[in-house]
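The chain contents come next:
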Amino acid sequence: MLATDNRLAYVFTHPEARKVLQLLEKGAVGSYEKVRTSLGLHPQEFQRIVHRLEVFDLVWARAPKGARWEGRRIRIAFELSPKGHALLETLQVMDRVMLAHREELGPRTVDPLVLS
């Protein structure tokens, strides 16, 4: 099984995906552009990340309540799904375990993986 086939492995090995989830957790719902620019991601890169997170059912893309058409589009907002919340909780536990064993695992192994 590849890291791209498993939601936990994907988010664990892609810090930018984890940052998207953490940002949504803090703000509950975030506009597409607001989330993307706050992370400093290129639009295509952000689109790929969000697509993968949607496939794993970790985020939901929806038109916010009261959204209006802006020309030919409606601004989309994202929110963390219940699976996304559960995954972030799991990653927080993993972070605590890795930090507790930082010396045995080695700082160069642990530090890039722990974001909390």
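Here, the structure is the one placed above.
Procedures and definitions
- Residues numbered from 1 in each chain as written.
- Predicted model: local features only at pLDDT ≥ 70, side-chain atom pairs only at ≥ 80, totals over all residues.
- Heavy atoms only, no water.
- Core = buried A, V, L, I, M, F, W, Y, C linked by side-chain atoms within 4.5 Å.
- Buried < 20%, exposed > 50% of the residue type's maximum accessible area, 1.4 Å probe, protein only.
- Helix = DSSP H or I, 4+ residues; strand = E, 2+ residues; numbered from the N terminus.
- Axes fitted to C-alpha atoms, helices over the stretch in contact; angles between N-to-C directions.
- Parallel < 35°, antiparallel > 145°, perpendicular 65-115°, else oblique.
- Left-handed = near helix turned anticlockwise from the far one by under 90°.
- Contact = heavy atoms within 4.5 Å.
- Salt bridge = Lys/Arg side-chain N within 4 Å of Asp/Glu carboxyl O.

1. Digging into the nonpolar core
Logical step 1: Core analysis: the largest hydrophobic core is formed by 20 residues, its most contacted members being Val 11, Leu 21 and Leu 53.
Logical step 2: For this core, the elements supplying multiple residues, two or more each, are α1 (7–13), α2 (15–27), α4 (43–55), β3 (77–80) and α5 (82–100).

2. Re the packing of α2 against helix α3 (residues 32–39)
Logical step 1: For the pair α2 and α3, interaxial distance at closest approach is 11 Å and the crossing angle is 125°. Put simply, α2 runs oblique to α3. Here α2 runs over α3; the crossing is right-handed. Across the interface between the two elements, Lys 19, Val 20, Leu 23 and Leu 24 of α2 pack against Val 35, Ser 38 and Leu 39 of α3.

3. Topic: the pattern of salt bridges
Logical step 1: Going through the model one piece at a time under the given rule, you end up with 6 salt bridges.
Logical step 2: Of the charged contacts in the structure, one is a salt bridge between Arg 18 and Asp 95, with a shortest N-O distance of 2.4 Å. Highlighted residues: Arg 18 in helix α2 and Asp 95 in helix α5, separated in sequence by 77 residues. Just as Arg 18 is buried, Asp 95 falls in that class too.
Logical step 3: Here Asp 57 makes a salt bridge to Lys 83, at a shortest N to O gap of 3.7 Å. A residue pair is termed long-range when its members are at least 10 positions apart, and Asp 57 in the loop between α4 and β2 (59–62) and Lys 83 in helix α5 qualify at 26 residues.
Logical step 4: Taking the relative accessible area as the measure of exposure, Asp 57 reaches 27% and is therefore partly exposed.
Logical step 5: Owing to a relative accessible area of 40%, Lys 83 belongs among the partly exposed residues under this scheme.

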